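Structure at a glance
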Amino acid sequence: MPDMSASVSLAMTHLVPLAKEVDENKVTPGVLGFIVFAAMAVAVWGLMKSMSKHMGKVDFKEPANPEEASGKGATEKTSPASPAKG
């Protein structure tokens, strides 16, 4: 494996002077940070609106008898040899 200390040393000598020029009190996320945050906010809003619409369509009431829900009467029963659905 090649010696990484030379490339790290070279990178540090070029990046350290750039870091010293930046005033830490004036660093802000800028326009790109705002655009990313706004896009995420719009995406969350859209997902919440979609979820609310889909939850409104859900019927939470269960039938009293589970056989009535499947449409099978008490006389119709499936044999154990029939293949399972799924």
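Residues numbered from 1 in each chain as written. Predicted model: local features only at pLDDT ≥ 70, side-chain atom pairs only at ≥ 80, totals over all residues. Heavy atoms only, no water.

1. Let's talk about the overall build of the protein
For the protein, the helix and strand inventory stands at 3 helices and 0 strands. Put simply, the protein runs from its N terminus to its C terminus through helices and strands in the order α-α-α. Relative to its full complement of 86 residues, the protein shows a buried share of 0%. Accessible surface, the protein: about 8,500 Å² in total, of which carbon and sulfur atoms supply 67%. (Helix = DSSP H or I, 4+ residues; strand = E, 2+ residues; numbered from the N terminus. Buried < 20%, exposed > 50% of the residue type's maximum accessible area, 1.4 Å probe, protein only. Areas by Shrake-Rupley, 256 points an atom, 1.4 Å probe, with all protein chains shown as cover.)

2. Structural notes on a nonpolar patch on the surface
Among the surface-exposed residues, Met-51, Met-55, Val-58 and Phe-60 lie close enough to one another that they form a single nonpolar patch of about 440 Å² accessible area. Along the chain, the position of Met-51 falls in helix 2 (residues 30–57). Here Met-51 falls in the exposed class, since its relative accessible area comes to 51%. (Patch = residues over 30% accessible without salt bridge, like charges linked within 9 Å, V, L, I, M, F, W, Y side chains within 5 Å. Salt bridge = Lys/Arg side-chain N within 4 Å of Asp/Glu carboxyl O.)

3. Describing the confidence of the model for the protein
For any part of a model where pLDDT is low, the fine detail of the predicted coordinates should not be relied upon. Summary statistics for the protein give a mean pLDDT of 74 and a share of 52% for residues scoring 70 or more. Predicted confidence in the protein is weakest over helix 1 (residues 5–21), with a mean pLDDT of 64, and strongest over helix 2, with 95. (pLDDT = per-residue confidence, 0-100.)

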